[in-house]
Amino acid sequence: MSTHEQFADDLALYALGVLEGEGRSAMEGHLRECPACSTELQRLRGDMSLMALSALGPKPPQRSRQRLLDAMAREPRQAQALRTRHWWSFVPWLAAATLAIIAVGFWLQNRNLRESIARLENQAAQQQAQLQRAREVVETLTASDALRITVVAANAPPQPQGKAIYVRDRSSLIFLASNMPKLPPEKAYELWLIPTSGAPIPAGVFKPDARGSAQVIEPPLPAGVEAKTFAITIEPEQGSSTPTMPVVMVGAGG
Amino acid sequence: MERSRLLSELPTGAVGDTALLSAVRSGDQGAMASLYDRYSGIIYAVALRVLRDTGAAEDILQEVFMQLWRNPALFDASRGNLAAWLAVIARNRSIDALRKRHPESDLEDCILSVEPDLAGDAERSRAMERVRGVMGEMPSPQRSALEMAYFEGMSHTEIAQKTGEPLGTVKTRIRAGLLALRKAFA
């Protein structure tokens, strides 16, 4: 016996679809747990199919065949494909859609990068132009062959003078001097930033050229110092950390 | 599609069910017509025997083949042979119609195991003769119980009430009848 004895008769009824009530529920529960009875059920359904061969009767009318052919013609294969489609048949479409989204993402990213590069190139060109302009200004100011003329009142003897241009926020200083007296050997002028409070800050050591001109361009300075004025002393060539009296020149500030 | 058209142009019986079903999956109406020519007789006979109404039997015939046309993947070789599967589906749908109830079994759930291959006309004829022989040799109460369950969808309780026989006896007769059919093809 290939099936459980207590279920054998009921299994035949179940195969025929005529087992009802509690017997049917019990059978379904048993079938879920019993491979042997499931196999026997398949065989009983096969036996049951043979019963169909015992049915005698006329052939179906010809109109039934035409009815089927007409019905099939009304249902295009594309619609059938949709009905029979399984979830995994969408995988290629999902993959294609994902790739399309990724491609669009890359295209957008590429476009943004191109725009950034163009923007940076434009900025670099502008900065290059500004740098070139600044270089020309500095070269003009510092050129050894530059003609430097200080215009003063007519008939007045030339006086030593200096012009300090200071931007506190950038700690940037340009100092131009003219008509500076010659110095003794091993001496130099030293420029001092006189803050609104605190000790003078060294702002560069310089020696005038044969015409008495000199420049101090962007000396190292502490950040953000509020300047009251600038002053000049004579110091050793290497400069000093504190001014040596007397002060030979001093500005008015502002 | 070309292969399918060639298949359906071959004489009935020259092409196996598997090849015809493959063509049906490709949308070949000719292959479907070949399957209809092969098995409509069995299906219609079962439906007519159950429903005793030609119009209703034609509806079952149409329904079964259209189910296969719409979704040929419902059947594959793991479900047994096509003729037996169609016969069981047709019988179950007919019983559902007779009892005016919604289909109780899903087509996809029906897996069966049966020996004879009914694809060829000759095999089908021999199998029919053998089944009718076995049924004819059964004791009348057994054949009657089996036919009431199969063709009328009667439960063993209904059969016992109708025949006045014990429930257990009815159950045993039905099962024994099915096993007798199996034995004839073993």
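So, how was this worked out
- Residues numbered from 1 in each chain as written.
- Chains lettered and ligands numbered in written order.
- Predicted model: local features only at pLDDT ≥ 70, side-chain atom pairs only at ≥ 80, totals over all residues.
- Helix = DSSP H or I, 4+ residues; strand = E, 2+ residues; numbered from the N terminus.
- Buried ≥ 20, exposed ≤ 12 C-beta atoms within 10 Å, placed from the backbone.
- Expected span 1.5 Å × (residues − 1).
- Pairing = 2+ DSSP bridges.
- Axes fitted to C-alpha atoms, helices over the stretch in contact; angles between N-to-C directions.
- Contact = placed C-beta atoms within 7 Å.
- Nonpolar A, V, L, I, M, F, W, Y, C, P; charged D, E, K, R; others polar.
- Parallel < 35°, antiparallel > 145°, perpendicular 65-115°, else oblique.
- Left-handed = near helix turned anticlockwise from the far one by under 90°.

Draft legend 1. Region of interest: the overall build of chain B. Within chain B, the secondary structure is distributed over nine helices and zero strands. Going from the N terminus to the C terminus, chain B shows its helices and strands as α-α-α-α-α-α-α-α-α.

Draft legend 2. Here's a closer look at the overall build of chain A. Along the backbone of chain A there are six helices and seven strands. Across chain A, helices and strands are ordered from the amino to the carboxyl terminus as α-α-α-α-α-α-β-β-β-β-β-β-β. In chain A, buried positions account for 23% of the 254 residues.

Draft legend 3. Local environment of helix α3 (residues 35–51) of chain A. All names here are of chain A. The end-to-end C-alpha distance of α3, which contains 17 residues, comes to 25 Å, matching closely the 24 Å that a straight helix rising 1.5 Å per residue would cover. Among the 17 residues in α3, 12 count as buried, and that is most of the element. Of the residues making up α3, those classed as buried are C37, E40, L41, R43, L44, R45, G46, D47, M48, S49, L50 and M51.

Draft legend 4. Quick peek at the sheet that holds strand β7 (residues 247–250) of chain A. Residue and element names in this part refer to chain A. On the basis of which strands lie adjacent, the open sheet formed by four strands has the order β4-β3-β6-β7 and antiparallel pairing. Among the strands making up the open sheet, the edge pair consists of β4 (201–206) and β7. Adjacent strand axes in the sheet meet at a mean angle of 25° when their direction is disregarded.

Draft legend 5. Focus on the interface of chain B and chain A. Counting from both sides, the interface comprises 55 residues of chain B and, opposite them, 39 residues of chain A. Elements with a minimum of two residues in the side of chain B that touches chain A: α3 (29–51), α4 (54–70), α5 (82–98), α6 (121–137), α7 (140–152) and α9 (167–184) of chain B. Here the element with the most residues in the side of chain B that touches chain A is α3 of chain B; it accounts for 12 residues. Residues belonging to the side of chain B that touches chain A are distributed by class as follows: 32 nonpolar, 14 polar and nine charged.

Draft legend 6. Layout of the sheet that holds strand β5 (residues 214–217) of chain A. Residue and element names in this part refer to chain A. Judged by pairing direction, the sheet is antiparallel, and its three strands sit side by side in the order β1-β2-β5 without closing on themselves. The open sheet is flanked by β1 (161–167) and β5, the only strands paired with a single partner. Within this sheet the neighbouring strands show an average axis-to-axis angle of 5°, counted without direction. With seven bridges joining them, β1 and strand β2 (residues 172–178) adopt antiparallel strand pairing. Bridge pairing links K163 to L176 in β2.

Draft legend 7. The packing of α4 of chain B against α5 of chain B, seen in detail. Residue and element names in this part refer to chain B. Direction vectors running N to C along α4 and α5 enclose 135°, while the axes themselves pass 10 Å from each other. As judged from the angle between their axes, α4 and α5 are oblique. Regarding α4 and α5, the two cross each other, and that crossing is right-handed. Contacts between α4 and α5 involve A56, I60, E63 and V64 from the first element and L86, I89, A90, R93, S94 and A97 from the second. Class assignment of the residues belonging to the contact of α4 with α5 gives a composition of seven nonpolar, one polar and two charged.

Draft legend 8. Representation of unusual backbone geometry in the model. In this structure, the amide linkage connecting M245 of chain A to the following residue, P246 of chain A, adopts the cis form with an omega of 5°. Inspection of the secondary structure puts P246 of chain A in the loop between β6 (227–236) and β7.

Draft legend 9. Representation of the pairing of strand β3 (residues 187–195) of chain A within the structure. Residues and elements named next belong to chain A. Burial of β3 is extensive: seven of the nine residues sit out of reach of the surface. Summarising the sheet, β3 and β6 pair through nine bridges and their orientation is antiparallel. The partner of L193 across the bridge, within β6, is F230. In the sheet, β3 pairs with β4 via four bridges, with the strands oriented antiparallel. If you follow W192 over to β4, its bridge partner there is P202. The loop that links β3 with its antiparallel partner β4 comprises five residues; one of these, G198, has a positive phi angle of about 100°.

Draft legend 10. Inspection of the environment of R168 of chain A at higher detail. Residue and element names in this part refer to chain A. Along the chain, the position of R168 falls in the loop between β1 and β2. For the pair formed by R168 and A223, sequence separation is 55 residues and the distance between their alpha carbons is 7.5 Å. With sequence-adjacent residues up to four places away left out, R168 is seen in contact with G224, V225, E226 and A227.

Draft legend 11. Geometry of α4 of chain B. Look at α4 of chain B: 24 Å from first C-alpha to last across 17 residues, which is about the 24 Å you get at 1.5 Å a residue. For α4 of chain B, every residue scored as buried is listed here: A57, E58, I60, L61, V64, F65, L68 and W69 of chain B. In the core, the buried residues of α4 of chain B are packed alongside α4 (62–74) of chain A together with α2 (17–25), α3 and α5 of chain B.

Draft legend 12. Region of interest: the packing of α3 of chain B against α5 of chain B. All names here are of chain B. One can describe the packing of α3 onto α5 by two numbers: an axis separation of 9 Å at closest approach and a directional angle of 25°. Considering their axes alone, α3 and α5 lie roughly parallel with respect to each other. For the element pair α3 and α5, the recorded crossing hand is right-handed. Along the contact surface, α3 presents Y39, I42, I43, V46, A47, V50 and L51, while α5 presents A83, L86, A87, A90, R91, S94, I95, A97 and L98. Partitioning the contact of α3 with α5 into residue classes produces 14 nonpolar, one polar and one charged.

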